Amino acid sequence: MTPLLSIDDLTVQLSVEGDLRTVLHGVSLEISAGEAVGLVGESGSGKSMTARAVSRILPSGAVTFGSISFDGRDVSALRGGALRQYRGEVAMIFQDPRAHTNPVRTIGDFMTEALRTNRGVPGVEARRRAAALLEEVGITEGDRRLRQHPHELSSGMLQRVMIATALLTEPRLLLADEPTTALDVTTQAEVMAILDDLRRERGLALLFITHDLELAGAVCDRTAVMYAGQIVEVQAAGTLHDRPRHPYTAALVAARPRIDAMATRLAAIPGRPLSAFEAPAGCAFATRCLHVQDRCREARPALRPLGDGVVRCIRAEELVGV
Amino acid sequence: MLRFLLRRLAMLVATLLVSSFVIYGSLYLAPGNPIAALTGGRTPSPEAIAILEARYNLDEPFLVRYGLWLKGAVTGDLGVSIPLRQEVSDLITQRAGVTAALVLYASLIILVVGIGLGLLAGLRAGAVDTTVVVVTTISAAFPAFVAAIVLLLVFAVNLGWFPATGEGDGFVDTIRHMTLPAVALGFTSMALVARVTRSSVREELGREHVQTARSRGIPFRLIVRRHVLRNAAIPITTIAGLTIASLIAVAAVVERAFAMNGLGAYLVTAASNKDFAVVQGIALVLVAAFVIMNTVVDLLYALLDPRVKVGSRAQ
């Protein structure tokens, strides 16, 4: 079975004050139709950049190597109408719904814009569909909401509008970039449940970006862990938390405070997260790894299969259960 | 919306009232007096002074005179020019058209050229942007009177493309006569509007909601129109409103340079003739135009930015 989305050896460099800086280094990931994949990592690890590369909204001046293909089509080769068509099939939900909606236009304009502009759906019909989807995400009085502006809605409600809007073009893949991070804890669960339900009903594939390992475990089929612009581990979401294979994943799991045990001091990963361009020549995590050996610093480990997943650590087998 | 409108109108009336008092009061404090101007330096007899003072209400206390003047002003009667013995409102209406046409023409140039250049520079980084920045830096440094002299020298005297003085008859001739003055008047403001347009277009282009639109496959020209220009319109309106309102005052300089019979030029003449009633009248009209302009910009805000209305309701 060919995957719906296939990212192969993707390297992205951004130009920062004239210098090219690597932000993604050889990222490979596949998502099948209807599959939910979590992408977990600290800030700056390249999670959002991966989603932006898939959505083709990298900052101007970005240099890309490797390939992204969607349903057999080479994404980087898409132009004009084909690119617009693709963007209807791959919808993105952003972290901060307020910043990602135009404050001076109505919810109705926002929701129906893509349908009216790219699909030629008449305004009345587009609004009817928008109102119906609002109902599905639990927003009543759709017609009135469509006339309101973003500032008249709470963040949680606005994120639900975002989800409804993303579904309006009937996409096959959702890219959700920390969709609940900017929300109150109480609305987080609600929004997450709506997103999960609608995705399952429609059989959509999902790339779910989060820094919350447990949330990814609850929502996704597989979880990929990123560090310094590389994927360091991928395995079934259900087992990742209990059986991390990469020392970084293990450290992330340990850093999460446990609800059932009193901690005198919260565990933290020593050092600070590195960006891809600052990573050392050998293993990128070598500077912070508790199990580092000299041979880890010699060459960058390859992503290799282990059990039902892949891992980028030469000591993975020895460290199981440590 | 209605409450917002009423509030703005109340503010307009209050501003006009205060400024009318300042205008009337400042001339009261100015050196010289109308009787001296009228008699041309000769010393009139005490009886003559008394008659003149009674005729022009000069013997009343300040507040009473202000009240009388204000009462007249509201009904369109701005008093009588003492040296010319003509109605001030007639003197003003004869010349208001020229100033209004000049300011309108200059505003048009400012908006079309300024926003056009700014948009071009904002969207096209590189050579186009640099050129616009250099051109607007130079033109922003040109005060209206310098621009007027340079334009006169080049286009009227040397090239002879445009007439140097007067306001012309009929539409085409008026346009011909008004082009150089309007360009001179709008020169600085045009650069300012271009600059603000450029930076706000840049800012809006970098906004997250523009990213959303891009990720949804909205064509670039529609993104520019619906999300960039539409949102940049708020700061552009602010700066355009302010500079255009200030043109009303700067017009005096340009009208004199091009020997046009407008309100601004006449204000200068009237002031040097100690024609108090005319100076007061013109000042009041100019201030009113300025304040009304600002109110219009405020109302435009409410149309452009839906968040403004909510702010006024919450208060």
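These numbers come from a predicted model, not from an experiment.

1. Brief notes about the environment of Pro306 of chain B
With respect to the element layout, Pro306 of chain B can be found in helix α13 (residues 306–314). For Pro306 of chain B, a relative accessible area of 8% translates into the label buried.

2. What to know about the side chain of Asp305 of chain B
Locating Asp305 of chain B in the fold gives a position in the loop between α12 (276–304) and α13. Assessed through its relative accessible area of 10%, Asp305 of chain B is described here as buried. Residues within four places of Asp305 of chain B in sequence aside, it is in contact with Val104 of chain A together with Ile234 of chain B.

3. Quick word on the interface of chain B and chain A
Listed as interface residues are 21 residues of chain B and, on the opposing side, 26 residues of chain A. Summing both sides of the interface, chain B and chain A together bury roughly 2200 Å²; the carbon and sulfur share of this comes to 54%. For the pair chain B and chain A, the number of links is 2 salt bridges. Between Glu113 of chain A and Arg226 of chain B there is a salt bridge; the shortest N-O distance is 2.9 Å. Elements with a contribution of two residues or more to the side of chain B that touches chain A: α9 (208–215), α10 (220–257) and α13 of chain B. In terms of residue class, the side of chain B that touches chain A is built from 7 nonpolar, 7 polar and 7 charged.

4. With respect to the sheet that holds strand β2 (residues 19–31) of chain A
All names here are of chain A. Within the open sheet, the 4 strands sit side by side as β2-β1-β4-β5. Their pairing is antiparallel. Looking at which strands have only one partner, the edges of the open sheet turn out to be β2 and β5 (73–74). Relative to β5, strand β4 (residues 63–70) runs antiparallel, the two being bridged by 2 bridges. Following the sheet pairing, Ser69 is matched in β5 by Asp74. Relative to strand β1 (residues 5–16), helix α1 (residues 47–55) is tilted by about 105°, and along the sheet it contacts β1, β2 and β4.

5. Considering the sheet that holds strand β10 (residues 230–236) of chain A
All names here are of chain A. Judged by pairing direction, the sheet is mixed, and its 8 strands sit side by side in the order β6-β7-β8-β3-β9-β10-β12-β11 without closing on themselves. At either end of the open sheet lies a strand with only one pairing partner, and these are β6 (90–93) and β11 (304–306). Averaged over all adjacent pairs, the angle separating strand axes in this sheet is 25°, with direction ignored. Pairing of strand β7 (residues 173–177) with strand β8 (residues 205–210), which is carried by 5 bridges, proceeds in the parallel orientation. Across the sheet, Asp177 pairs through a bridge with Ile209, a residue of β8.

6. Considerations on a nonpolar patch on the surface
All names here are of chain B. A contiguous nonpolar surface patch, about 830 Å² in accessible area, is contributed by Met1, Leu2, Leu5, Leu6, Leu9, Ile292, Val296, Leu300 and Leu303. Mapped by element, the contributors of at least two residues to the nonpolar patch are α1 (2–29) and α12. Here Leu303 lies in helix α12.

7. Some details on the packing of aromatic side chains
Following the criterion strictly, the structure yields 12 aromatic pairs over all chains and no others. When the centroid spacing of 5.8 Å and the interplanar angle of 40° are considered together, the rings of Tyr24 of chain B and Phe62 of chain B count as tilted. Here Tyr24 of chain B, found in helix α1, pairs with Phe62 of chain B, found in helix α4 (residues 62–74); they are 38 residues apart in sequence, far enough to count as distant. A residue is classified by how much of its surface remains accessible, and Tyr24 of chain B, at 7% relative accessible area, is buried. By relative accessible area, Phe62 of chain B is classed as buried at 18%. On the basis of an interplanar angle of 40° and a centroid distance of 4.9 Å, the ring pair of Tyr24 of chain B and Trp69 of chain B is categorised as tilted. With Tyr24 of chain B in helix α1 and Trp69 of chain B in helix α4, this pair connects stretches of sequence that are 45 residues apart. Among the aromatic residues, those joined into a ring-pair cluster are Phe21, Tyr24, Phe62, Tyr66 and Trp69 of chain B. Its guanidinium or amino end placed over the ring of Tyr266 of chain B, Arg95 of chain B lies 3.8 Å from that ring's centre, counting from NZ or CZ. Looking at Arg216 of chain B, its charged tip hangs above the ring of Phe110 of chain A, at a distance of 4.4 Å from the centre.

8. Here's the deal with the pattern of salt bridges
Residues and elements named next belong to chain A. One pass over the full model with this rule turns up 26 salt bridges over all chains. With a shortest N-O distance of 3.4 Å, Asp294 and Arg297 are connected by a salt bridge. Overall, Asp294 belongs to the exposed group, its relative accessible area being 60%. For Arg297, a relative accessible area of 46% puts it in the partly exposed group.

9. Some details on the confidence of the model for chain B
The predicted structure's coordinates, where accompanied by low pLDDT, should not be read in detail. Residue and element names in this part refer to chain B. Residue-level pLDDT values for chain B average 83, and 94% of them are 70 or greater. Between the elements of chain B, mean pLDDT differs from a low of 58, seen in α13, to a high of 90, seen in α9. Segment residues 310–315: pLDDT under 50, and 4 contacts once partners within four positions in sequence are set aside and those in other chains are kept. The ipTM value of the predicted complex is 0.81, and its pTM value is 0.79.

About the cut-offs
Residues numbered from 1 in each chain as written. Chains lettered and ligands numbered in written order. Predicted model: local features only at pLDDT ≥ 70, side-chain atom pairs only at ≥ 80, totals over all residues. Heavy atoms only, no water. Helix = DSSP H or I, 4+ residues; strand = E, 2+ residues; numbered from the N terminus. Buried < 20%, exposed > 50% of the residue type's maximum accessible area, 1.4 Å probe, protein only. Contact = heavy atoms within 4.5 Å. Buried area = accessible area lost by both parts, 1.4 Å probe. Salt bridge = Lys/Arg side-chain N within 4 Å of Asp/Glu carboxyl O. Nonpolar A, V, L, I, M, F, W, Y, C, P; charged D, E, K, R; others polar. Pairing = 2+ DSSP bridges. Axes fitted to C-alpha atoms, helices over the stretch in contact; angles between N-to-C directions. Patch = residues over 30% accessible without salt bridge, like charges linked within 9 Å, V, L, I, M, F, W, Y side chains within 5 Å. Areas by Shrake-Rupley, 256 points an atom, 1.4 Å probe, with all protein chains shown as cover. Phe/Tyr/Trp six-rings, centres within 6.5 Å; stacked < 30°, edge-to-face > 60°. Lys NZ or Arg CZ within 6 Å of the ring centre and 35° of its normal. pLDDT = per-residue confidence, 0-100.

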